[in-house]
Amino acid sequence: MGRFDARVAVITGAARGIGFGTAQRLASEGASVAIVDLDEADAQQAAEKIELTDGAKAIGIGCDVSDSAAAESAIQQVVDGLGGIHILVNNAGITRDNLLFKMSEDDWDLVMAVHLKGPFNMTKAAQKHFVDQRYGKILNLSSVSALGNRGQANYSAAKMGIQGFTRTLGIELGPFGINANAIGPGFIATEMTDATAARVGMSVEDFRAAAAASNPVRRVGFPEDIAAAAAFLCSDEASYITGQTLYVDGGAKLG
Ligand code: NAP
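If you're wondering where the values come from, they're calculated on a predicted model, not measured in any experiment. (Residues numbered from 1 in each chain as written. Predicted model: local features only at pLDDT ≥ 70, side-chain atom pairs only at ≥ 80, totals over all residues. Heavy atoms only, no water.)

A. The domain arrangement of the chain, seen in detail. Assigned domains of the chain: these are domain 1 (8–186 + 224–246) and domain 2 (190–220). Domain 1 and domain 2 are separated by 24 Å when their C-alpha centres are compared. On the side of domain 2, five residues touch domain 1, which itself brings nine residues to the contact. Note on domain 1 versus domain 2: buried area summed over both sides is about 550 Å², and carbon and sulfur give 51% of it. One can count three salt bridges joining domain 1 with domain 2. With its nearest N and O atoms 2.9 Å apart, the salt bridge here joins Asp97 to Arg199. (Domains from an automatic or database assignment. Contact = heavy atoms within 4.5 Å. Buried area = accessible area lost by both parts, 1.4 Å probe. Salt bridge = Lys/Arg side-chain N within 4 Å of Asp/Glu carboxyl O.)

Next comes the structure, spelled out in structure tokens:
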């Protein structure tokens, strides 16, 4: 008996990294999963790699979450293909880092489109189903960068915006049996942080070692660390928790 038996979970940006790890964790506890990502072939290949429990399914859907029509269509494909929807994890993300005086308007707009409009589009499409069935779990990916990070004015603003979005979803949707929470990861070893290493001219190993050395628990995080917290917040054990952001960062922002 798994915590997500007979549940259907949609995870955006799940072809790799934290999204894939979260999809795998939910599937390991019984969920059917829809891997949503920009590239349909990548999403389908990732879906094929998910290890499922008996009777569960995994599908891959190509979708740019910042496109409202594509988001609406993706949610409908999930409902048609997997027989419903119970959990939405808004995880898709990008970085376009630069100091403010060098940051282009396009890089500001793109980060807002993926991190803020994307969750708005996906959540708006999913909430109809959640409200009708008086059940739903929404999990949004924020970041410790929401608290401020040099070179990330766009990303930081979007990730704090996600926290306000999450609190408002908690207020509006709570009466309908829907919980909305957020996770704020610290440094998680994925292609996103590997790309940052390249941008600052460090090897992946040195970049991770430096992050680990400055972290109270003396290690970097992995997608499994976020997936474990995500599974709790998307489970019925967390049904009295809503509107919250849980930092999963090894204590990075404690002081
Ligand atoms: P990642 O490895 O870069 O994976 C992100 C995925 O999102 C990629 O597969 C990417 O597809 C997809 N994606 C990008 N734009 C999309 C769009 N418009 N529509 C659909 N999919 C899209 O990132 P990650 O490190 O796993 O991060 C996942 C989430 O956690 C993000 O929201 C990120 O901001 C947040 N986060 C990460 C860290 C960290 O240290 N890694 C820390 C704090 C917060 P493509 O490959 O095609 O671009």
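Picking up after the structure, the text goes on.
B. Just the nonpolar core, in detail. In terms of nonpolar packing, the biggest core is built from 30 residues, with Ile11, Leu26, Ile35, Val89 and Ile183 touching the most fellow members. The element best represented in this core is helix 8 (residues 223–233), accounting for five residues. Not counting residues up to four positions away in its chain, the partners in contact with Ile11 are Gly19, Ala23, Leu26, Val33, Ala34, Ile35, Val36, Val89 and Asn91. In this structure, Val78, Leu88, Ile178 and Ala180 belong to the second largest nonpolar core, which totals 28 residues. (Core = buried A, V, L, I, M, F, W, Y, C linked by side-chain atoms within 4.5 Å. Buried < 20%, exposed > 50% of the residue type's maximum accessible area, 1.4 Å probe, protein only. Helix = DSSP H or I, 4+ residues; strand = E, 2+ residues; numbered from the N terminus.)

C. A look at the pairing of strand 4 (residues 87–90). Taking every second residue as pointing to the same face, both faces of strand 4 are buried, with Ile87 and Val89 on one and Leu88 and Asn90 on the other. In terms of strand pairing, strand 1 (residues 8–12) meets strand 4 through three bridges, oriented parallel. Bridging from a neighbouring strand, Ile11 pairs with Val89 of strand 4. Of the strand pairs in this sheet, strand 4 and strand 5 (residues 136–141) are connected by four bridges, and their pairing is parallel. Its bridge partner lying in strand 5, Val89 is registered against Leu139. (Pairing = 2+ DSSP bridges.)

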